[in-house]
Amino acid sequence: MASTIRVRAVASGDTTEVQSLIQHPMDSGFVKDAKGELIPPHHIEIVEFEHDGKKVFTAFWGPAVSKDPYVKFSFKGGKKGDDLKISWVDNKGASDSLTAKIQ
Amino acid sequence: MRRASWVATVVAALAAPLLASAAQPAGAPDPQADFKAFRSYFTQRFPSLKLSDFANGPYSMDEGLRKQWEAIEQFPPYEFALDKGKELFNTPFKNGKTYADCFPNKGLGIRQTYPYFDDKSGEVITLELAVNRCREANGEAPYDYVKDDMAAVTAYMAYTSRGKPMDIKIPKDSRALAAYEKGKEYFYTRRGQLNFSCASCHVQNPGQHIRTEVLAPALGILNAMPIYRSEWGSMGTISRRFMTCNSQVRGVPLKPQDENYRDVEYFLSYMANGLPVSGPGSRP
Amino acid sequence: MIEFRSGDVARRVMLKGVAAVAGLACVGVVDAVRTPVCAADAAGWPAEAFKQKSEADVIKALYAGKTAAASDKVKLDAPEIAENGAVVPISVATDLPDVTSISVLVLENPYTLAAHYKLPAGTAPAVSNRLKMAKTTKVVALVEAGGALHRAEKEVKVTVGGCGG
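Here the structure is a predicted model, which means the values were calculated and not measured. (Residues numbered from 1 in each chain as written. Chains lettered and ligands numbered in written order. Predicted model: local features only at pLDDT ≥ 70, side-chain atom pairs only at ≥ 80, totals over all residues.)

> Just to check I follow, could you spell out the interface of chain C and chain B for this structure?
Interfaces are often sized by the accessible area lost when the parts come together. Listed as interface residues are 10 residues of chain C and, on the opposing side, 11 residues of chain B. For the side of chain C that touches chain B, a count of residues per class yields six nonpolar, two polar and two charged. (Contact = placed C-beta atoms within 7 Å. Nonpolar A, V, L, I, M, F, W, Y, C, P; charged D, E, K, R; others polar.)

> Any chance you could explain the pairing of strand S2 (residues 15-22) of chain A here in plain terms?
Two faces make up the sheet, and in a regular strand the side chains alternate between them. Residues and elements named next belong to chain A. One ladder, built from eight bridges, connects strand S1 (residues 5-12) with S2; its direction is antiparallel. Residue pairing for S2: Ala11 is matched across the bridge by Thr16. In this structure, the hairpin formed by S1 and S2 is closed by a connection of two residues, where Gly13 is found at a positive phi of approximately 70 degrees. Pairing of S2 with strand S5 (residues 70-76) involves seven bridges; the strand directions are antiparallel. Residue pairing for S5: Ser20 is matched across the bridge by Val71. (Pairing = 2+ DSSP bridges. Helix = DSSP H or I, 4+ residues; strand = E, 2+ residues; numbered from the N terminus.)

> What exactly am I supposed to notice about helix H5 (residues 127-137) of chain B here?
For an α-helix, 3.6 residues make a turn, and residues three or four places apart therefore share a direction. Every buried residue of H5(B) is accounted for by B:Leu127, B:Glu128, B:Leu129, B:Ala130, B:Val131, B:Asn132 and B:Cys134. A positive backbone phi angle near 75 degrees is found at B:Gly139, which sits one or two residues after H5(B). (Buried ≥ 20, exposed ≤ 12 C-beta atoms within 10 Å, placed from the backbone.)

> Would you explain the pairing of strand S5 (residues 99-106) of chain C in this entry?
Residues and elements named next belong to chain C. Burial within S5 is extensive, with six of its eight residues counted as buried. For S5 and strand S8 (residues 137-145), the ladder comprises seven bridges, and the chain directions are antiparallel. Bridging across to S8, Leu105 finds its partner in Val140. In the sheet, S5 pairs with strand S6 (residues 113-118) via five bridges, with the strands oriented antiparallel. Note on S6: the bridge partner recorded for Ile102 is Tyr117. Hairpin connection, S5 to S6: the antiparallel pair is bridged by six residues.

> What am I meant to see in the sheet that holds strand S6 (residues 234-236) of chain B here?
The strands that make up a sheet are held in pairs by hydrogen bonds between backbone atoms, and each pair lies either parallel or antiparallel. All names here are of chain B. Taken in spatial order, the three strands of this open sheet run S6-S5-S7, and their pairing is mixed. In the strand order of this sheet, the two ends are held by S6 and strand S7 (281-283), each with one partner. Strand-to-strand twist of the sheet, defined as the mean angle between neighbouring strand axes without regard to direction, takes the value 35 degrees. As paired strands, strand S5 (residues 227-229) and S7 are joined by three bridges and run parallel to one another. Directly across from Tyr228, in S7, lies its bridge partner Ser282. (Axes fitted to C-alpha atoms, helices over the stretch in contact; angles between N-to-C directions.)

Here it is in structure tokens:
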């Protein structure tokens, strides 16, 4: 199955800019389905970004983060060719991870 | 199956000029004259807009919306549909053939030539119709016309044409001209409880708000299709948008790929000739 | 969509190697709709903070004992009118030194805290994300820098609510 994680990590000088889009419904728990019943909350809770064995960014998300969530940040110390690991876990215990190369 | 209906179409087309707007002289359809008038109306109304920018719909009309759109385009929500579409496009059918076998140029970089008039069947063929005919000809079940897999595949095909100028042909064939005229008539006809025509919003009021939406100009309005609409939280095709527009003016939506929808798509796409394909797109 | 049975959860966690979901005690217990009865939040996720319904309560839960001071060094970029409340691009940036975390609050949402970001040393003090807003609201950015809490706010008009319907 294809990964739910898309990432673009680009190094420029000693700064790496990371953009990530994750496929996830991010159901808030406030929306009703066609039958009129509430769709239970189902959202990513933690996203972790690791470079060279170190955490460079951690996102704690609640139900107010948009569907197919996006995040952008930058960190120092990465260079082209390095691995960047992204992993997430949601409120139902599901998870996914991806290792991408910094461009 | 279509023979009887094209006769009816020609008969209707003869009556059409009488129903068309005041600017239309009675007599033979003249798409080129319409094209010039349509183009100059929009360029005169929005003189500071680059021609290609009309293909960006409401974002060409409102600075605040444009900023949000540019932020979202950095990593757009249709990315997943695009990846899925590419995978679907490249996956062979059960009989071993692929979409590449149905389309010119292996199906890549051709979206700007759709819809076209098929002189053999006497009808307007949209990209979606062609995709499903390809599937059926190869023993596969057709896709739902409005979203999901159809939107994914056409998103990929549109993406391979990004930047290419629309290149819609209306052959000197009375049936093609009739289809074009029917599409034009549909565009300018009022309908629904709100009694709006497509032109009411997209010719008379582009850039204005209707409740919460900023209206897109009719020029280039289909160039970004298929679209990921925040409102839908998913992808939708031209059929999907036409149907929801009909509902929004409290009219009865037609079936996807209804002849009227294909004809108005033909008309609008021809009007956008020269403007770049910008699809797939994001919209509010 | 992501579908799973509770029996799979522990196994999936091991396969993915994500250590965050420790302490799940839901082996083999499944209710009628196949939802694990024990669905537990990930370890480390600030569950209390995400339950709060006011800025003051979020600050108490996340930054015990601190008060936020308005700062023009916190740049909160948000649209004046959201094109759609379901997907509002929001960015927070600052040139304050020693930033350790950034939080984004949406005051009129059912739960105030939308997102909380931990930034280790070496990570730029800026983040961009996309949030849902139920209606016209103030958005508040909280930046924790050098142990102190700095604040900026901006109103976002929402005409089409982002919570569906």
